[in-house]
Amino acid sequence: MTEVKDFKKLALITGITGQDGSYLAELLLEKGYTVHGIVRRTSNLLRSRIEHLRRDEKIYGRRLFLHYGDLSDSATLSRIVADVQPMELYHLAGQSHVGVSFEIPESTCEEGGMATLRLLEIVRSQPQSLRFYHASSSEIFGNASEIPQTESTPLRPTSPYGCAKAFATQLARVYRESYGLFVCNGVLYNHESPRRGENFVTRKIARAAARIARNLDRELVLGNMESQRDWGRAQDYVQAMWLMLQHHTADDYVVATGETHSVREFVEAAFAVVDLPWQKYVKHDSAFDRPTEPARLVGCADKIRKILGWNPAGTFRELAHEMVEAELAAIDSRR
């Protein structure tokens, strides 16, 4: 008797070892999915975010599978998609640090733009229907012409990363409208968690506050502290990704809290967790300032709230508290 696959519960994730990928994998597994992830061979030592899943014998090799692949290798990507035959494909991979994109603009645009094109072409060639999620970014709005930004706000990126995402976002729309593919752009504003990369400012701040509190560091050096962002929780934002692919029609959605806070406010909230005066430890270095700073990026999430029923959970200060407490726990576990 031929085994029939449950296509409705089969998902493929690029960037599964990242912050969003790891939370999304957990969410999908909780919902009964079989999850496949694409990883680079060079990421062998960078899988800490999903290590707890890989060590679970009830999950890994049964409902969670990893495949070696690279975003620049269309042949391998095609083979993986053909072998897995997913019903849902979440494209999260790529260099995602705005500041770093000024240092490595070519590879940032290759990973953020051309890789998305490769995947869209692969999706178009599949015999079975496939729902595709593309991880867009608020950085596509850059020097925004309006505040807050919505799905119809003109794209005016101010960084190589923003340009790459703007290109990929437009491509996703073109493939949806021209070929009738089920493609969604999730225009996600900054979202943080204890799993955020250490080169991102929120993780840098949380880690420094914890290390200073435990007498492991003495100072924290930052760039522009007046820079403002719309910061949410990554755990909430991957829920939004999933909701987009469950709706009966594909569309684009802004995912945001609708509030902005400065880097200074995050510093204040983080150091308050360890009851330390941040002014004593934090220093400014203009070398960390970006060549160009985007306008006030704050998203209007009315559309996803109204159509998909999504709402963010937790407050800005709760996010800072969660991140600092995770850093303290990690330090204390090693002692």
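It should be noted that the structure appears before, not after, this text.
Residues numbered from 1 in each chain as written. Predicted model: local features only at pLDDT ≥ 70, side-chain atom pairs only at ≥ 80, totals over all residues. Heavy atoms only, no water.

Caption draft 1: Quick look at the overall build of the protein chain. Helix and strand content of the protein chain: 11 helices and 13 strands. In the protein chain, the share of contacts with a sequence separation of at least 24, taken over all contacts with a separation of at least 6, comes to 79%. Here the protein chain displays about 15400 Å² of accessible surface, and carbon together with sulfur accounts for 49% of that area. With 42 positive and 43 negative side-chain charges, the protein chain shows a spacing of 3 Å between the two charge centroids. (Helix = DSSP H or I, 4+ residues; strand = E, 2+ residues; numbered from the N terminus. Contact = heavy atoms within 4.5 Å. Areas by Shrake-Rupley, 256 points an atom, 1.4 Å probe, with all protein chains shown as cover. Lys, Arg positive; Asp, Glu negative; His and termini not counted. Charge placed at Lys NZ, Arg CZ, Asp CG, Glu CD.)

Caption draft 2: Just the packing of helix α9 (residues 263–273) against helix α11 (residues 316–333), in detail. Packing of α9 against α11 leaves a shortest axis separation of 9 Å and a crossing angle of 55°. Taken together, α9 and α11 sit at an angle that is classed as oblique. For the element pair α9 and α11, the recorded crossing hand is right-handed. Only Phe-316, Arg-317, Ala-320, His-321, Met-323, Val-324 and Glu-325 of α11 make contact with α9, whose side of the interface consists of Glu-265, Phe-266, Ala-269, Ala-270 and Val-273. For the contact of α9 with α11, the per-class residue count stands at 8 nonpolar, 1 polar and 3 charged. (Axes fitted to C-alpha atoms, helices over the stretch in contact; angles between N-to-C directions. Parallel < 35°, antiparallel > 145°, perpendicular 65-115°, else oblique. Left-handed = near helix turned anticlockwise from the far one by under 90°. Nonpolar A, V, L, I, M, F, W, Y, C, P; charged D, E, K, R; others polar.)

Caption draft 3: Main features of the layout of surface pockets. Roughly 210 Å³ of volume is contained in the second largest pocket. As for the second largest pocket, its lining consists of Pro-194, Glu-198, Arg-203, Arg-207, Arg-211, Ala-326, Glu-327, Ala-330, Ile-331 and Arg-334. For the lining of the second largest pocket, the element with the highest residue contribution is α11, accounting for 4 residues. Taken together, the residues that form the lining of the second largest pocket break down as 4 nonpolar, no polar and 6 charged. (1 Å grid on protein atoms, 1.4 Å probe; cavity = no way out; pocket = protein on both sides within 12 Å on 5 of 7 lines; lining within 4 Å. Points joined across faces, edges and corners; volume = space filled by probe spheres on them.)

Caption draft 4: Structural detail: the packing of aromatic side chains. All chains considered together, the criterion is met by 8 aromatic pairs. Each ring, one from Phe-141 and one from Tyr-189, has its centre 6.5 Å from the other, and the planes form 35°; the classification is tilted. Pair noted here: Phe-141 is in the loop between β5 (131–137) and α6 (160–179) and Tyr-189 is in the loop between β6 (182–188) and β7 (191–192), with a separation of 48 residues, a long-range link. Both residues of the pair, Phe-141 and Tyr-189, count as buried. Feature note: the residues Trp-231, Phe-266 and Phe-316 constitute an aromatic cluster, connected by ring pairs. Over the ring of Trp-242 we find Lys-31; its NZ or CZ atom is 4.0 Å from the centre of that ring. Above the face of the Tyr-60 ring, Arg-54 is positioned so that its terminal group lies 5.6 Å from the ring centre. (Phe/Tyr/Trp six-rings, centres within 6.5 Å; stacked < 30°, edge-to-face > 60°. Buried < 20%, exposed > 50% of the residue type's maximum accessible area, 1.4 Å probe, protein only. Lys NZ or Arg CZ within 6 Å of the ring centre and 35° of its normal.)

Caption draft 5: A look at the state of the cysteines. In total, this model carries 0 disulfides according to the counting rule given. Sulfur of Cys-109: no disulfide; nearest cysteine sulfur belongs to Cys-163 and is 6.5 Å away. Among the cysteines around Cys-300, which has no disulfide bond, Cys-184 carries the closest sulfur, lying 18 Å off. (Disulfide = S-S within 2.5 Å.)

Caption draft 6: Structural view of the pattern of salt bridges. Per the stated rule, a full pass over the model turns up 19 salt bridges. Here Arg-195 and Glu-26 are joined by a salt bridge, their closest N and O atoms 2.7 Å apart. Taken as a pair, Arg-195 in the loop between β7 and α7 (201–213) and Glu-26 in helix α1 (residues 19–30) lie far apart in primary sequence, 169 residues in all. This pair shows no difference in class: Arg-195 is buried, exactly as Glu-26 is. (Salt bridge = Lys/Arg side-chain N within 4 Å of Asp/Glu carboxyl O.)

Caption draft 7: Examining the side chain of Thr-76 more closely. Note on placement: Thr-76 falls in helix α3 (residues 74–84). Residue class for Thr-76 comes out buried when judged on its relative accessible area of 15%. Of the polar contacts made by the side chain of Thr-76, one reaches the side chain of Asp-73; its length is 2.6 Å. Discounting residues that sit within four places of it in the chain, Thr-76 has contacts with Tyr-68 and Gly-69. (Polar contact = N/O pair within 3.5 Å; in protein donor to acceptor, adjacent residues only side chain to side chain.)

Caption draft 8: A look at helix α8 (residues 234–246). For α8, which comprises 13 residues, the first-to-last C-alpha distance of 19 Å matches the rise-based estimate of 18 Å (1.5 Å per residue) to within 8%. With 11 of 13 residues buried, α8 lies mostly within the body of the structure. When α8 is considered as a whole, its buried residues turn out to be Ala-234, Gln-235, Asp-236, Tyr-237, Val-238, Ala-240, Met-241, Trp-242, Leu-243, Met-244 and Leu-245. (Expected span 1.5 Å × (residues − 1).)

Caption draft 9: Main features of unusual backbone geometry. Omega for the bond connecting Ile-147 with Pro-148 falls within 30 degrees of zero, at 0°, which places this linkage in the cis form. If you check the backbone angles, Gln-85 has positive phi at about 50° while not being a glycine. Structurally, Gln-85 can be placed in the loop between α3 and β4 (88–91). The class of Gln-85 is partly exposed, set by a relative accessible area of 29%. The backbone of Asp-275 shows a phi angle near 55°, a positive value even though the residue is not glycine. Note on placement: Asp-275 falls in the loop between α9 and β13 (282–284). On the basis of relative accessible area, Asp-275 is assigned to the exposed category, the value being 69%.

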